[in-house]
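Chain by chain, the residues run as shown.
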Amino acid sequence: MGIHASNKLETLVEQLRQAKTVCALTGAGVSKESGVPTFRDEDGLWQKFRPEELANVNAFISNPSLVWEWYNWRRQLMSGVKPNLGHLALAELQDLVDSFVLITQNVDNLHRVAGNRDVIELHGNISRNKCHDCGKIFEKGDQETDFVFKPGELPKCPLCNGRLRPDVVWFGENLPVDAIERAWTLSQQCDVFLSIGTSSIVYPAAALPQLAKQAGAYLVEINPKPTDLAPMADMVFSSPSGEALPLIVQALKDSA
Ligand code: OAD
């Protein structure tokens with residue numbers, strides 16, 4: 001902290017150049033400039049909807065039609081969106097450092113579309129379906145499970161006839177074990193950790209930057225409204241990720 005603005009990029013470039021492993025954790029803020037609403041901003045989804053009624057495993061069990069309607073609406077909302085300059089900068093970054101892992105809480109698939117190769121999806125991916133009963137995952141493009149939900153017609157698993165659902169993590173559910181274990185390990189091993197566009201309040205994801213810092217990583221927060229993580233960070237960019245990330249990547253390229 002306390003680094004003069006003109007030295008900030010230089011200092012971060014030095015850290016990124018020396019790092020063996022760089023981890024980035026992203027949240028809804030990184031997709032805001034693509035037109036995907038966040039959850040907790042003034043215009044966020046949780047201002048209009050109640051998470052306990054929609055993104056909740058008990059809600060799906062008691063009222064699957066309502067939950068399906070909401071996810072169909074979100075799928076439509078996300079169907080036309082494209083990666084923004086922040087996503088594209090993160091895709092470039094992976095080729096400018098030794099080893100880069102992108103950990104995301106977002107379900108919108110935009111990091112993969114942007115070109116990131118190693119993406120850990122902590123909260124699933126809205127473009128996939130999963131059987132709630134047998135656990136089988138169906139990728140988008142699988143004819144049997146690509147459907148438009150119609151009220152009264154709940155989709156069934158083609159394998160076990162169980163309840164099909166979006167492959168996302170809901171309140172009341174555990175994160176995919178492989179994803180959180182790998183994210184946990186990498187956060188403790190990395191040299192630079194970038195926390196981008198997340199309110200840093202939903203656990204276990206919110207623990208990752210803290211773990212990284214405790215294990216000795218250089219911690220950077222990028223968020224127009226710095227969060228409770230900021231006092232712990234070595235550097236804070238109080239700007240949208242679509243502005244800060246391209247600047248960081250350009251500085252890294254210029255220093256080559
Ligand atoms: P939130 O909506 O909680 O937080 C979004 C963050 O993005 C806020 O801190 C904003 O200040 C910041 N932000 C807004 N515009 C930005 C921009 N252009 N660039 C960078 N940052 C910006 O979203 P998450 O932290 O992702 O979980 O929420 C975590 C989890 O809570 C979500 O994955 C979801 C939600 O409930 C589940 O549904 C399981």
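Residues numbered from 1 in each chain as written. Predicted model: local features only at pLDDT ≥ 70, side-chain atom pairs only at ≥ 80, totals over all residues. Heavy atoms only, no water.

*Asks:* Help me out: how do you make sense of the sheet that holds strand E2 (residues 100–104) in this one?
*Replies:* One key point about sheets: their strands pair by backbone hydrogen bonds, in either a parallel or an antiparallel sense. The strand order E3-E2-E1-E7-E8-E9 describes an open sheet built from six strands, whose pairing is parallel. What marks the edges here is a single partner per strand, and that holds for strand E3 (119–121) and strand E9 (235–237). Each strand axis lies, on average, 15° off the axis of its neighbour in the sheet, ignoring direction. In this structure, strand E1 (residues 22–26) lies alongside strand E7 (residues 192–196), joined through five bridges in parallel fashion. (Pairing = 2+ DSSP bridges. Helix = DSSP H or I, 4+ residues; strand = E, 2+ residues; numbered from the N terminus. Axes fitted to C-alpha atoms, helices over the stretch in contact; angles between N-to-C directions.)

*Asks:* What should I look at first to understand the domain arrangement of the protein in this one?
*Replies:* Note on interface size: it is often stated as the accessible area lost on association of the parts. By domain assignment, the protein separates into domain 1 (3–35 + 83–123 + 175–254) and domain 2 (45–80 + 129–168). Between the C-alpha centres of domain 1 and domain 2 the distance comes to 29 Å. (Domains from an automatic or database assignment.)

*Asks:* What should I look at first to understand the pairing of E2 in this one?
*Replies:* Consecutive side chains along a regular strand alternate between the two faces of the sheet. Counting buried positions along E2 yields five of five residues, so the element is predominantly enclosed. Alternating residues of E2 divide into Phe100, Leu102 and Thr104 and Val101 and Ile103, and every residue in both groups is buried. Both E1 and E2 contribute to a ladder of five bridges, which runs parallel. Among the inter-strand pairings, Leu25 is bridged to a residue of E2, identified as Ile103. (Buried < 20%, exposed > 50% of the residue type's maximum accessible area, 1.4 Å probe, protein only.)

*Asks:* Explain unusual backbone geometry to me, please; I cannot follow it from the model alone.
*Replies:* Across residues other than glycine, the phi torsion is negative in most instances, and most of the peptide bonds are trans. In this structure, Pro204 follows Tyr203 across a cis peptide bond, with omega equal to 10°. In this model, Asn161 sits at a positive phi of 65°, which is unusual for a non-glycine residue. By the secondary structure assignment, Asn161 is in the loop between strand E5 (137–138) and strand E6 (164–168). Given the relative accessible area of 53%, Asn161 is considered exposed. You will see that Ser200, though not glycine, has its phi angle at about 60°, which is positive. Structurally, the position occupied by Ser200 is in the loop between E7 and helix H10 (207–214).

*Asks:* Teacher, can you tell me more about the packing of aromatic side chains here?
*Replies:* Any aromatic ring pair is given by two values, namely how distant the centres are and how the planes are angled relative to each other. On inspection of all chains with the given rule, the structure shows three aromatic pairs. Ring geometry for Trp70 versus Tyr71: centroids 5.1 Å apart, planes at 85°, classification edge-to-face. One exposure class covers both Trp70 and Tyr71, and it is buried. Site record: aromatic cluster; members linked through ring pairs are Phe60, Trp70, Tyr71 and Trp170. Over the aromatic face of Phe138 sits the side chain of Lys136, whose NZ or CZ is 6.0 Å from the ring centroid. (Phe/Tyr/Trp six-rings, centres within 6.5 Å; stacked < 30°, edge-to-face > 60°. Lys NZ or Arg CZ within 6 Å of the ring centre and 35° of its normal.)

*Asks:* How do you make sense of the packing of helix H7 (residues 85–93) against helix H11 (residues 241–254) when you look at a structure like this?
*Replies:* To describe two helices that pack against each other, one gives the angle between their axes and the distance between the axes. The N-to-C vectors of H7 and H11 enclose an angle of 30°; their axes lie 7 Å apart at closest approach. Comparing their axes, H11 and H7 come out roughly parallel. Crossing angle aside, the handedness with which H7 passes H11 is left-handed. Between H7, through Leu85, Gly86, Ala89, Leu90, Glu92 and Leu93, and H11, the contact on the second element is made entirely by Ser241, Gly242, Leu245, Pro246, Val249, Leu252 and Lys253. The residue inventory of the contact of H7 with H11, partitioned by class, reads eight nonpolar, three polar and two charged. (Parallel < 35°, antiparallel > 145°, perpendicular 65-115°, else oblique. Left-handed = near helix turned anticlockwise from the far one by under 90°. Contact = heavy atoms within 4.5 Å. Nonpolar A, V, L, I, M, F, W, Y, C, P; charged D, E, K, R; others polar.)

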